[in-house]
Structure formats: C-alpha cells, structure tokens
Amino acid sequence: MKRSRNSLPFRISLVFLLSTLLIEGVLFLLLYHTLLGERVVEEINRLESRAESHASVLAMNFSEETISHVATMESETDTKVAITDTAHDTLQTSHSFPQVLVDTVDSKKRTGPFDDTTVLEDDWENEPYLSVRTPITDDAGTRYGYVYMFLPTEIIHGISHRLQWRFLYITAIALVTTVLTFILLSRLISKPIESLRRATENVLTNPDELQLPTNRVDEIGELARSIESMSVELSRLRRERHQFLSDLSHEIKTPLTYLRGYAEIASKESTPESLRKQSIQTILEESRSLTELVENAFQLAQLDENTFLLHREEVTVTTFCADLRRMLDTMFRMTTIRFDASPSAGQPDIALTLDRHRMLQVFRSIAHNAIEHSEASHVSLYSHVTDTHLVLTISDDGKGIPTEDLPHIFDRLYRVEKSRSRQTGGSGLGLAIADQIVTRHGGTLTVSSDASGTSFTVTLPLDKKTPIL
C-alpha cells in the first residue's frame, strides 16, 4: 500500500483529483452566490416596480378608497404594503401586517433620500424583510405620502436552501465522477508503467524476450520503443562481447602455444641449428603479434575509461603527408600490393595540430586491413586541402566489404570475418580504435565499398586558414 501511495501514477492522479475538486468547489460557490445574488436583486427590483406602480395610482387619486384598494391588492400576495402620509404616519396597511413592519416604518422614516425610490433593507441573510420606499408625488410636485413595500426574506432563504441541496447533489455526482476518473486514470497510467517495469527487469537477464507496448502512439509507446531499441543494442553488445572474449582468448592462447612449443624446441641441445634459428624467429614474430594484441586491448580499455590521451603537436600538411606516404610505402613494399600516392596539388602549406603518432596509427590500421583482408592488387592514397579541412583517402581494388557489415565496420569488437583463423579473423579492434582517434581529433572517418573495392576517407580540421611562412 505504501508503495502504491508513493507511485508516480498515484501522485499524478491524486493531483488531478484535488485540482478537480478545488476547481469544482470554487465554481460551485461562485455560481451559488451569483444565482442567489441575482435573485435578490430581481426581488428588490420587483418590489421597487410594484411600489412605483402603487405610488403612481395613488398620486392620481389619493383617497381612502384608492388607499384601501391598494392595501387589499397586496393582501393576496407574498408582499406587504404600508401607505403613509408625508409625516410617515401609517394610513393603511395590507392584511396581517406584523408589528415588526410597523416598527420598521417608524425607524426608517428618517432614512433618505425621500424624493426617489429608496431601498431601505437588502440584508436578506440577517433581516426578516426586504423593504423599499417610494414617494407619492403627482405631476405638479405635490407630495401626498409614501408607499412602503416589504418582501419576507424567508422566500430568499427557501431559494437558498433549494440551491444548496441542488449543489450538494451536483457536488456528490461530480465527486463520484472525479473519484472514478481518478481510479481509471491511475490504472491507465500505472498499468503500462508497471508493464514497462516488469519488462525492463529482464533487460539485463533476458533482453531478447522483452514484451513492451510499442504499438501505443503516446509517450508510453515512445518510452517502450526506446527501451526496446536499448535492449536490442544491449543484446548485440553482449553477443559481440562474448564473441570478442572468445576471440581474444583464442588470439592470446595461440601465440602462447607457439611461444612455448618453439621455446622447447630451441632449448633442446639436439635441435639442429637451422631449426633453432627458425624457432627463435617464430618466437619473435609471435611475441610481436601478442604485444600488438595486448596493446590494442589496452587502448580499447583506455577509450572505455576515457583515459586515452593525445599528445598534440603542430605540423604542416606537407610534413604530415610526407610522413604518411613514407610509412605506407614501407608497409606495402613488403607485400605484392602496388601502392602509389597522388602528388601535392600545390596548395599553400597549412598548419595541423594533432597527435602524429596516433594519426599514423589510424592509417596503419587501414593499410593493415587492406593487406590482410582486401585481396587487393593496388592501393592508392589521395589528399587534398579545402578551406577548412585536410581530406585523405585510401582506396583499394579488392573484394570489398559486404553490404550488411558496412554499417558496423567501426563498431568495437566487430569483425567482418567471423572465423577464428589467425590469418583472416583479426581481433576487431583496429578500426574501432582508429575511428575513436579521428573523432578525438575533431575529424571524421568514413568508408564506402562495393565489388570494385573499398575507400576509407579521413577528414581533419585545419587550425589556420593562412599559410605558414
């Protein structure tokens, strides 16, 4: 129960309930007082109208007969009338004229003005009668007396009680409706949220079996779709992590096996000298391979922990491109792949601020992929300078990258070749690290590929738009 009261749907629904009740209460009070006030004004206006009508008749014929006739007419209604002379002495009243009204006439005779119709009492809540007074004056201005009209306030009280009961009925209906809406709203919100909660508990343990309300078109549906996308991505990362750990275990185990085996061969006194030299050479090669693998794994860990540092220095475009061509020429000279680089277009030399060692590592990874996996016979390096960027492209004429693998080529732990062959499998770290290095330089690394070959393009921002003199 405590958890239910602390839940977000309960709080939202409770705020809705309290806000609705507050608004309904204020509106009902305003409506009640408005209706009752209008009714009081209406009754006072009716009294004034009747008093003025009687005064008009009496002004034309101020006689005992006319006075008696007016008093008799009012005896058949809810109102009371008193006709006085100019000194406010009572001449005639309607039947059943209570003493309290006689006292009212005596107490109000000094209350002005006296030349117009005057409301003497409008406090219906505390006084027994509403009262007005109208002077009896003919066209010549002769004053004959006054007409006092009274209306029992019990009529207004009766109207007030009926309005109160009706508003109580309406309030009860509104309260029931609001409470039902509160319960319905709470369930409408809590049910999908509870469903999301139960489903997301399985994100870490069973991400492939999520059942979320993704068909909804509201915020709940958007949240469900986001969680589903996160679950799909998490599932993919878990599979890739498992694959990577298997690959890493295999990649480390294989050179260690070679190292141990060839070390045992080289350590035997009976081993021929030629075989001993071959064993030592194999040990060196496997040591370099193992060192590179461990270094890549360490760099990936640094990227994950955001401790991967760049040692930036200012170099010119010409110097960096020359270093890059020399490195690539050395790499491809040891293979059967023909390499060439486009000549400089003659642009003025521009400054770059970068970690030269890390940036060369990027192109070393790209070239290594071309050598090991592309089956290319020719690789080219193109470079040109725009107003804001240095653009470098390495293209090969190899077999290309499968279309389904192209979007994931820079993903960490992703390998196009799924086998565990040391010759073709790779560790899946080189391009992921290269992409991160370029990104941390403020640049971009993109790839395009088809059956005619693959092109990697590195775009680096320039520091200055003016030549270095």
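As the structure is a prediction and not an experimental result, all values here were calculated from the model. (Residues numbered from 1 in each chain as written. Predicted model: local features only at pLDDT ≥ 70, side-chain atom pairs only at ≥ 80, totals over all residues. Heavy atoms only, no water.)

1. Observations concerning the overall build of the chain
Looking only at helices and strands, one finds ten helices and twelve strands in the chain. The proportion of buried residues among the 469 residues of the chain is 39%. In the chain, the proportion of contacts linking residues at least 24 apart, taken out of those at least 6 apart, comes to 65%. Looking at the chain as shown, the accessible area adds up to about 27400 Å², and 55% of this sits on carbon and sulfur atoms. (Helix = DSSP H or I, 4+ residues; strand = E, 2+ residues; numbered from the N terminus. Buried < 20%, exposed > 50% of the residue type's maximum accessible area, 1.4 Å probe, protein only. Contact = heavy atoms within 4.5 Å. Areas by Shrake-Rupley, 256 points an atom, 1.4 Å probe, with all protein chains shown as cover.)

2. A word on the packing of helix H8 (residues 317–333) against helix H9 (residues 356–373)
Between H8 and H9, whose axes approach to 10 Å, the crossing angle comes to 35 degrees. The two elements H8 and H9 meet at a crossing, and its hand is right-handed. Counting all contacts with H8, which are made through Phe320, Asp323, Leu324, Met327, Leu328, Met331 and Phe332, the residues of H9 involved are Arg356, Met359, Leu360, Phe363, Arg364, Ala367, His368 and Ile371. Residue classes in the contact of H8 with H9 are distributed as eleven nonpolar, one polar and three charged. (Axes fitted to C-alpha atoms, helices over the stretch in contact; angles between N-to-C directions. Left-handed = near helix turned anticlockwise from the far one by under 90°. Nonpolar A, V, L, I, M, F, W, Y, C, P; charged D, E, K, R; others polar.)

3. So, the environment of leucine 47
Mapped onto the fold, leucine 47 is located in helix H2 (residues 8–60). The buried category is assigned to leucine 47, whose relative accessible area is 2%. The contacts of leucine 47, once residues within four sequence positions are left out, are Thr79, Leu130, Ser131, Val132, Met149, Phe150 and Leu151.

4. Here we look at the pattern of salt bridges
Using the criterion set out here, one finds twelve salt bridges in the structure. For glutamate 43, the salt bridge is made with arginine 39, and the minimal N-O distance between the two is 3.1 Å. On the criterion of helical spacing, the pair formed by glutamate 43 and arginine 39 is a turn pair, its members being four residues apart in helix H2. Arginine 39 sits in the partly exposed class, given a relative accessible area of 30%. (Salt bridge = Lys/Arg side-chain N within 4 Å of Asp/Glu carboxyl O.)

5. Things to note about the nonpolar core
Of all hydrophobic cores here, the largest spans 41 residues; its most connected members are Phe320, Leu328, Phe363 and Leu390. Looking at this core, the elements with two or more residues in it are H8, strand E8 (351–354), H9, strand E9 (378–385), strand E10 (389–396), helix H10 (430–440), strand E11 (444–450) and strand E12 (453–461). Not counting the four nearest positions on each side in its chain, phenylalanine 320 is found in contact with Val315, Leu352, Leu354, Arg356, Met359, Leu360, Phe363, Leu390 and Leu392. (Core = buried A, V, L, I, M, F, W, Y, C linked by side-chain atoms within 4.5 Å.)

6. Examining the confidence of the model for the chain
Across the chain, the average pLDDT comes to 80, with 83% of residues at 70 or higher. Per-element averaging of pLDDT across the chain places helix H1 (residues 2–6) at the bottom with 54 and E12 at the top with 93. Overall, residues 420–425 carries pLDDT values under 50, and its contacts beyond four positions in sequence, including any with other chains, amount to 23 contacts. For residues 465–469, every residue scores under 50 in pLDDT, and the model assigns this stretch twelve contacts once sequence neighbours within four places are set aside. (pLDDT = per-residue confidence, 0-100.)

7. Looking at unusual backbone geometry
Notably, serine 96 is not glycine yet its phi reads approximately 55 degrees, a positive angle. Relative to the elements of secondary structure, serine 96 occurs in the loop between strand E2 (90–93) and helix H4 (99–108). A residue is classified by how much of its surface remains accessible, and serine 96, at 62% relative accessible area, is exposed. Of note, glutamate 375 is a non-glycine position whose phi angle comes to about 60 degrees, a positive value. Counting through the fold element by element, glutamate 375 comes out in the loop between H9 and E9.

8. A look at the sheet that holds strand E7 (residues 338–341)
Here we have five strands laid out as an open sheet, ordered E7-E9-E10-E12-E11, and mixed in their pairing. Since the sheet does not close on itself, it has two edges, and those belong to E7 and E11, each with one partner. Neighbouring strand axes in the sheet, compared pairwise and without regard to direction, differ in orientation by 15 degrees on average. Here seven bridges tie E11 to E12, and the two strands are oriented antiparallel to one another. Along E12, the bridge assignment pairs threonine 444 with threonine 459. Lying over the sheet, H8 contacts E7, E9 and E10, oriented at roughly 15 degrees with respect to E10. Here H9 sits on the sheet in contact with E9, E10, E11 and E12, set at roughly 175 degrees to E12. (Pairing = 2+ DSSP bridges.)

9. A closer look at the environment of threonine 84
One can find threonine 84 in strand E1 (residues 80–84). Take threonine 84: its relative accessible area is 0%, and that puts it in the buried class. A sequence separation of 61 residues divides threonine 84 from glycine 145, and the C-alpha atoms of the two residues are 5.4 Å apart. Setting aside residues no more than four positions away along its own chain, threonine 84 makes contact with Phe62, Asp89, Thr90, Leu91, Val105, Tyr144, Gly145, Tyr146 and Tyr148.

10. Concerning the environment of alanine 71
Checked against the element boundaries, alanine 71 lands in helix H3 (residues 64–75). Between the alpha carbons of alanine 71 and isoleucine 83 there is a distance of 8.0 Å; along the sequence they are twelve residues apart.

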